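If you want the building blocks of each chain, they are given just below.
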Amino acid sequence: MTQRQLDIVLSRPRCKGEVMTQTVQLPLWLFILIVVFAAITALSHFLLPSVRWFFRRRLERAVERLNKRLTRPIEPFKLARRHDMIQRLIYDPEVTQEIVNYARSNGVPENVAFQKAREYAREIVPRFSAFAYFSFGIRLARFLANSVYRIETAASNEVTFQALPQDATVVFVMNHRSNMDYMLVTYLVARSSALSYAVGEWARVWPLSMLIRSLGAYFIRRRSRGALYRKVLARYVQLATAGGVTQAFYPEGGLSLTGALQPPKVGLLSYVVEGFDPEGESDIIFVPVAINYDRVLEDRVLIAAGQRGDRRFGARITVVVGFVLRKMWRRLRGHDTRFGTAAVTFGDPLSLRRTGADVPVGDLSEMLMERIAQAMPVLVVPLIARVMLRERAPMSDEELLRQVSEALEQMPARNRVPKPDVLPERVSRATARLKKRGVISQSAAGWQIVEGQEAVLAFYANSIAHFTPANAAPAAENAASAGS
């Protein structure tokens, strides 16, 4: 079979006054390939830099306009190119020293250790997009949160946030009840700032990982014990903190399996404290955030993991996404798809400079968890769960409402979410949802717990158990002694 060829005429002087003409034959596909490579080279050297500059300039102007509306403007650190941030991280003196240590201890060349550090940096550093965050991410978080829950916030939240010093780096420290925590807090602070989350390995699935990176989150390996990885992660957190990036993380290290607050872990918190310069211009302000739900989407999965004594969750990400999409579709069609109330309350902020940079990280984490506990919102379902577990006997509608009302009165006034005038309607809706889920049942004798469902009610009652008379006084005393 004959291949199509292209004749190319080349001319060069053979001798003075004479020109020699030669014909070179090339396959057509090779000629096209040469032209394509030449076009790409021309674009990369002449056209693409101008196009990139044009769009980056437009982005910078959009960010300038956006920053005028935000209480805490987007920091230049978040807007830096991801490639530049990775280079800055792997050439950091502390990371470089750890690369040398890794090479020596593992008996590998330093260039191999350097490549390992680069892989870690590429894994950690986000690809923040102000457009994705404020145009898509915030709208998605708002729509999803309102599709699943009735959102309640404390009246003091806005006052607390507005009072934070403008020149301080803000770190939100939250309890972890559900993966919806990310959506709730992102939505609630959207008018004030852009958050940078520490996200576990569960979210490193395509295309979810791309979306999360564009929203400014960074991935962490919770089970990694390698010194090189920890150093790369520590330096990223410290550089972001020094750059004024508003961050959010969970000191518990993972979702609560019991519904109660878990003992804190000091990993990320220790990185923040170690990188803090008490003589510097900028302070670090920790803002405790307490989150509670009438319904945690993953409750049965978490309870089962707690009963087994492991943290292997059976729910696949595809199942979760499918569930969320169905809820959103029903919401768009006008159905009430909400699972009750989700409440978020900001606790008393804590200044690292006032507390002292030399405070043990363990003590600091305990202070923050105590402030989260004291800010915990009190909702209807936890109250119902507490009452029914305490009484055990069947209760009529009137008796249950009376018991719940009395339990609510025993809670600190600032933590009560349902107001007395809406309490009967909230209790009625909550019991109907619990009945539909098979947690409680109603007979002629009244409401009672379905056999084998005590663990579900305990999961919700545990969220406010620290407010019982036996625990409330010591908790309040510890919170007062923590200081500001």
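Residues numbered from 1 in each chain as written. Predicted model: local features only at pLDDT ≥ 70, side-chain atom pairs only at ≥ 80, totals over all residues. Heavy atoms only, no water.

In plain terms, the rule: UniProt positions are given in the numbering used here, feature names are shortened, and annotations may be inferred rather than shown by experiment.
Looking at an unreviewed UniProt entry, one finds the protein chain named Glycerol-3-phosphate acyltransferase, with Sulfitobacter delicatus as its source organism. The annotation that UniProt attaches to the protein chain under Subcellular location (unreviewed entry) is "Endomembrane system". As stated in UniProt under Pathway (unreviewed entry), the record for the protein chain gives "Phospholipid metabolism; CDP-diacylglycerol biosynthesis; CDP-diacylglycerol from sn-glycerol 3-phosphate: step 1/3."

## Points about empty space enclosed by the protein
One simple way to see leftover space: roll a probe sized like a water molecule over the atoms. As a reminder of what qualifies: Every definition here rests on a 1 Å grid over the protein atoms only: cavities are sets of points where a 1.4 Å probe fits but cannot get out, pockets are open sets enclosed by protein on both sides within 12 Å along at least five of seven lines, and lining residues have some atom within 4 Å of a point. Grid points are joined across faces, edges and corners, and a volume is the space filled by probe spheres set on the points. A helix here means a DSSP run of H or I that spans at least four residues, while a strand means a run of E at least two residues long, and both kinds are numbered starting from the N terminus. Polar here means any residue outside two lists: the nonpolar Ala, Val, Leu, Ile, Met, Phe, Trp, Tyr, Cys and Pro, and the charged Asp, Glu, Lys and Arg; Gly therefore counts as polar. Per the annotation, domain bounds derive from an automatic or database assignment of domains.
In this structure the tally under the stated criterion is two cavities of 30 Å³ or more. The computed volume of the largest cavity comes to approximately 60 Å³. It is helix H18 (residues 423-436) that provides the largest number of residues to the lining of the largest cavity, a total of four residues. Grouping the amino acids of the lining of the largest cavity by side-chain chemistry returns five nonpolar, two polar and five charged. No fewer than three residues from each of domain 1 (127-229 + 246-297 + 339-375) and domain 2 (380-467) sit in the lining of the largest cavity. What the second largest cavity holds in volume is close to 30 Å³.

## Some points on unusual backbone geometry
Both trends apply: most residues other than glycine have a negative phi, and most peptide bonds are in trans. One non-glycine residue, arginine 392, adopts positive backbone phi at about 70°. Positionally, arginine 392 belongs in the loop between helix H16 (380-391) and helix H17 (397-409).

## Some details on the packing of aromatic side chains
Which entries qualify depends on this criterion: Any two of the Phe, Tyr and Trp rings considered here, Trp counted by its six-membered ring, make a pair once their centres fall within 6.5 Å; the pair's planes then place it as stacked at under 30 degrees, edge-to-face at over 60, or tilted in between. Exposure is judged per residue with a 1.4 Å probe applied to protein chains only, and the accessible area is read against the type maximum: over 50% gives exposed, under 20% gives buried, and values in between give partly exposed. Sitting over a ring, as applied to charges here, requires NZ of Lys or CZ of Arg to be within 6 Å of the ring centre and within 35 degrees of the ring normal.
Applying the stated criterion across every chain yields a total of seven aromatic pairs. Between tyrosine 91 and phenylalanine 114 the ring centres are 5.4 Å apart and the planes differ by 50°, which places this aromatic pair in the tilted class. Here tyrosine 91, found in the loop between helix H3 (82-90) and helix H4 (93-106), pairs with phenylalanine 114, found in helix H5 (residues 110-124); they are 23 residues apart in sequence, far enough to count as distant. On the basis of relative accessible area, tyrosine 91 is assigned to the exposed category, the value being 51%. Here tyrosine 182 and tyrosine 250 contribute two aromatic rings whose centre-to-centre distance is 5.5 Å and whose plane-to-plane angle is 80°, an arrangement assigned as edge-to-face. Taken as a pair, tyrosine 182 in helix H8 (residues 180-188) and tyrosine 250 in the loop between strand S7 (247-249) and helix H11 (267-274) lie far apart in primary sequence, 68 residues in all. Like tyrosine 182, the residue tyrosine 250 is buried in the burial classification. Grouping aromatic residues by their ring pairs yields a cluster made of Phe161, Phe172 and Phe346. Above the face of the phenylalanine 339 ring, arginine 295 is positioned so that its terminal group lies 4.5 Å from the ring centre.

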